[in-house]
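Structural description and commentary
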Amino acid sequence: ITRPTTSTPKPAASYGDMPAVAGPGMEALTAWVEEIAALTQPARIHWVDGSRAENDALLREQVEEGKLIKLNPEWRPGSYLARSHPSDVARTEARTFIASDREADAGPTNNWVAPDEIRATITPLFEGSMRGRTMYVVPFSMGPVGGPLSHIGVQVTDSAYAVTSIEIMTRVGIDVLREIAQGSPWVKTVHSVGAPLAPGEKDVAWPCNDEKYIVHFPETLEVWSFGSGYGGNAILAKKCFALRIASVIGRDEGWLAEHMLLIRVISPEGKKYHLAAAFPSACGKTNLAMLRPTIPGWRVETLGDDIAWLRPGEDGRLWAINPEAGFFGVAPGTGESTNVTAVETLWGNTIFTNVALRPDGDVWWEGLTDEPPAELIDWEGNPWTPGSGRPAAHPNSRFTVSAAQCPQIAPDWDARDGVPVDAILFGGRRATNVPLVVEATDWAHGVFLGSTISSERTAAAEGTVGELRRDPFAMLPFCGYNMADYFGHWLKVGQKLRFDRAPRIFQVNWFRKGPDGRFLWPGFGDNSRVIEWIARRIENEVGAVDSPIGRLPKIEDLNLDGIDVPAEDLAELFAIDPASWAREADLTEEFFDTFDGRVPAQLGAELSALRYRLTSA
Ligand code: GTP
Ligand code: SPV
Ligand code: MN
């Protein structure tokens, strides 16, 4: 459905062909598309219908233009490699803004900017920013089309890479347009790589702009993203919509939009448990989502690996869906010994970004195999050998693949009503202090645990890797409103749940290290041992030991059959040093103080109670 236009700007209405979908909602959509086209002045407009033929053509065009490398179909059918500009490899949190009317509604953890001011700044950047390019109009649904928890959006973008990624990550197609035509509300998202082409100018492999703006307007439900092609900055359905904008919608409507994986755990007795877990970026969500238990009889079915929308049901339980349809996962560290499920998921039909290329036309990254191949082309396109002294794949290199390809995807993963959640896990990368697992005493204590999560920085965003920072609920970069109000919203959602049906809350840490810098816990498939304990707790089959920070397992209740964790490592995994925890409490107070008294009193009370327990421990 593409029609070329001449280079002289025409009345916008004559751009492109619209799919034949009629209804009262279409007028607003076409008016908006025309408005964006008048501003950005693309050479043509392409209404994306989500068909297979269209997707094939978009991929083929990107190969012809040198934007994608087709991988050897013998090893990796239907798969491609994209190499980004070396400056455009991760989310740019410093360039990410919340433009709420009032500064206090964005809160101290977000970059706030006044809506009028930022519109005045970015509008000139978008002026003519799509010249010489195609503007794609992509209607997408987060959650099954028409589902009770689902939400619709439209992204206009001048990046075919973004379109083919969105087609994997969300549900794209005419049925979404029909929903819009019928009057369903939808979120407006605008994306430009910010690299207009002069007539006859040759395009580059990864167009982008040094100047970047990822701007969210929570009051008007809009996202404007300029200058970046990287996933989290360019697939606006994902972090921008499904987390930042959706968290605001959820605040107003009584539900939660969270940076969480979602799984179904099945015990040897056939009992099913649904777990949601929030870990910061590159801290193990995809791995836990695809867990292969090392303990006999246990199974895990994948429901989602990055985002969950959770809503209290009339039955007093918390119901969750994964609004996405694919995985945009971290490649390095994904291998046969760590996440064989992901390796199997990636057999084909995958877009890889910034991984290394093998001479045989397949891909490689650190951790895929124990030994690197003798020679590679690295993520920047340069020859590489194991002696090169630098990683072959970028540390934040990623794969984009359909959820349906996951061999252990739950058969009902896209059920309209979602699943009832039995347990919520909060975690992060903590070399010290935080035990392998600790259970909250109740919902409010669980919210306190979530609000105090800190984690060592990873390569998923710009910044110094390894530096410890607060990342409450793993939502620091993704909460679209004042984080203190968000804590309050979590407390409020808890009140809508039946006390005996609310999910139990746990804090976990797979990343504790010994003095020698080695991980104390084997992690990955062996995390099933922690899950088993959590299931036993839900069934009240095992007790726990009260500690100042929450309920710890009795060591004898942990299933350690078949692994060899030395007794001193086990002791260290659960060691709670009151002095270090008193310092953690001081840092928590400092953190809460940054919210100018807006943190709910209940969390202040939890902090006082923690300090009391620490001094009397
Ligand atoms: P985003 O997609 O950025 O939100 O990240 P994610 O939370 O899904 O992270 P992912 O599961 O991709 O994990 C990132 C890194 O953590 C990989 O390099 C993994 O190998 C490593 N990792 C995951 N689980 C474990 C674990 O149990 N132990 C250890 N030591 N490392 C782990
Ligand atoms: C993350 O950084 O948490 C991701 C990748 O899941 S991105 O979608 O780029 O944000
Ligand atoms: Mn994520």
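What you see is a predicted model; the values in this text were computed from it and never measured. (Residues numbered from 1 in each chain as written. Chains lettered and ligands numbered in written order. Predicted model: local features only at pLDDT ≥ 70, side-chain atom pairs only at ≥ 80, totals over all residues. Heavy atoms only, no water.)

1. Let's talk about the overall build of the protein
Looking only at helices and strands, one finds 16 helices and 33 strands in the protein. Against the compact-globule benchmark of 25 Å for 617 residues, the protein has a radius of gyration of 24 Å, which places it among compact chains. Overall, the protein is about 75 × 55 × 40 Å in size when its C-alpha atoms are taken along their principal axes. Sorting the 617 residues of the protein into buried and exposed places 61% on the buried side. Long-range contacts, defined as pairs at least 24 residues apart, comprise 74% of the intrachain contacts of the protein with a sequence gap of at least 6. Total accessible area on the protein is roughly 23100 Å²; 51% of this is exposed by carbon and sulfur atoms. Looking at charge distribution, the protein has the averaged site of its 58 positive side-chain charges lying 2 Å from that of its 82 negative ones. (Helix = DSSP H or I, 4+ residues; strand = E, 2+ residues; numbered from the N terminus. Rg over C-alpha atoms; globule rule 2.2 N^0.38 Å. Buried < 20%, exposed > 50% of the residue type's maximum accessible area, 1.4 Å probe, protein only. Contact = heavy atoms within 4.5 Å. Areas by Shrake-Rupley, 256 points an atom, 1.4 Å probe, with all protein chains shown as cover. Lys, Arg positive; Asp, Glu negative; His and termini not counted. Charge placed at Lys NZ, Arg CZ, Asp CG, Glu CD.)

2. Side note on the sheet that holds strand β18 (residues 318-321)
On the basis of which strands lie adjacent, the open sheet formed by four strands has the order β13-β17-β18-β26 and antiparallel pairing. Across the chains shown, the open sheet's two edge strands, defined by having one partner strand only, are β13 (256-258) and β26 (419-420). Bridge analysis of strand β17 (residues 308-312) against β18 gives four bridges, and the strand direction is antiparallel. Within the sheet, the bridge partner assigned to Arg311 lies in β18 and is Trp319. Sitting on the sheet, helix α12 (residues 483-495) touches β13, β17 and β18, and the angle it makes with β13 is about 120°. (Pairing = 2+ DSSP bridges. Axes fitted to C-alpha atoms, helices over the stretch in contact; angles between N-to-C directions.)

3. Things to note about empty space enclosed by the protein
The full count for this structure, using the stated rule, is four cavities of 30 Å³ or more. Along its surface, the largest cavity is lined by 22 residues, and Leu449, Thr452, Gln507, Trp581 and Glu584 are the ones closest to its centre. Looking at the lining of the largest cavity, the elements with two or more residues in it are α11 (443-451), β31 (504-508), α15 (578-593) and α16 (601-615). Of the residues contributing to the lining of the largest cavity, the split by class is ten nonpolar, eight polar and four charged. In this structure, the second largest cavity spans a volume of roughly 130 Å³. Surrounding the second largest cavity, 14 residues form its lining, Ser281, Arg457, Thr458, Arg469 and Asp471 being those nearest its centre. When its residues are assigned to classes, the lining of the second largest cavity shows four nonpolar, three polar and seven charged. (1 Å grid on protein atoms, 1.4 Å probe; cavity = no way out; pocket = protein on both sides within 12 Å on 5 of 7 lines; lining within 4 Å. Points joined across faces, edges and corners; volume = space filled by probe spheres on them. Nonpolar A, V, L, I, M, F, W, Y, C, P; charged D, E, K, R; others polar.)

4. A short note on the coordination of the manganese ion (ligand 3)
Bound to the manganese ion (ligand 3) on the protein side are Lys239 (NZ), His259 (NE2) and Asp306 (OD), at distances that span 2.2 to 2.3 Å. Geometry at the manganese ion (ligand 3) is irregular, judged from its six donor atoms and the angles of 70 to 171° they form at the metal. Donor residues for the manganese ion (ligand 3) sit on one chain with the sequence pattern K-x19-H-x46-D. Taken together, the residues His259 in the loop between β13 and β14 (260-266) and Asp306 in the loop between β16 (299-304) and β17 connect sequence positions 47 residues apart. (Donors = N, O, S within 2.8 Å, 3.2 Å for Na, K, Ca; no water. Tetrahedral: all angles 85-135°; square planar, octahedral: opposite > 155°, others 65-115°.)

5. Some remarks on α15
With 16 residues, α15 ought to run about 22 Å at 1.5 Å a step, and its terminal C-alpha atoms sit 22 Å apart, in line with that. Within the span of α15, buried status applies to Ser580, Trp581, Glu584, Ala585, Thr588, Phe591 and Phe592. Buried residues of α15, viewed axially, fall in a sector of 145°; they line one side. With respect to the buried face of α15, the exposed residues turned more than 90 degrees away are Arg583, Glu590 and Asp593. Contact partners of the buried residues in α15: α11, β30 (468-470), α12 and α16. (Expected span 1.5 Å × (residues − 1). Arc of directions from axis to C-beta.)

6. A closer look at the packing of α11 against α16
Look at α11 against α16: their axes get within 10 Å of each other, and the N-to-C directions meet at 90°. Between α11 and α16, the interaxial angle falls into the category roughly perpendicular. Facing Ala444, His445, Val447, Phe448 and Ser451 of α11, the residues of α16 in contact are Gln602, Leu603, Glu606, Leu607, Leu610 and Arg613. Each residue belonging to the contact of α11 with α16 can be placed in one class, and the counts come to six nonpolar, three polar and two charged. (Parallel < 35°, antiparallel > 145°, perpendicular 65-115°, else oblique.)

7. Some remarks on the site of ligand 1
Taken together, 22 residues are adjacent to ligand 1, and Ala282, Lys285, Thr286, Asn287 and Arg398 come closest. Asp306 has a polar side-chain atom sitting 3.0 Å from an oxygen atom of ligand 1. The fraction of the free accessible surface of ligand 1 (670 Å²) that becomes covered by protein chains is 92%. The set of elements that each furnish at least two residues to the shell around ligand 1 consists of α9 (285-289) and β19 (326-330). Among the elements that take part in the shell around ligand 1, α9 stands out by supplying three residues, more than any other. (Near = heavy atom within 4 Å. Polar contact = N/O pair within 3.5 Å; in protein donor to acceptor, adjacent residues only side chain to side chain.)

8. A word on the layout of surface pockets
Here the largest pocket is characterised by a volume of approximately 910 Å³. Surrounding the largest pocket, 45 residues form its lining, Ala282, Cys283, Gly284, Arg429 and Phe511 being those nearest its centre. For the lining of the largest pocket, the secondary structure elements donating two or more residues are α8 (237-253), α9, β19 and β25 (398-402). By residue number, the principal contributor to the lining of the largest pocket is α9, which donates four residues. Residue composition of the lining of the largest pocket, grouped by class: 18 nonpolar, 16 polar and eleven charged.

9. Examining the site of ligand 2
The immediate surroundings of ligand 2 are formed by 13 residues, with Arg91, Tyr230, Gly232, Lys239 and Ser281 found nearest. Contact distances for ligand 2 include 2.9 Å between an oxygen atom and a backbone N or O atom of Gly232. Asp306 places a side-chain nitrogen or oxygen 3.3 Å from an oxygen atom of ligand 2. Of the pockets mapped on this structure, ligand 2 occupies the largest pocket. (Sits in = over half its atoms within 2 Å of the grid points.)

By themselves, these are just geometric observations and shouldn't be taken as functional.
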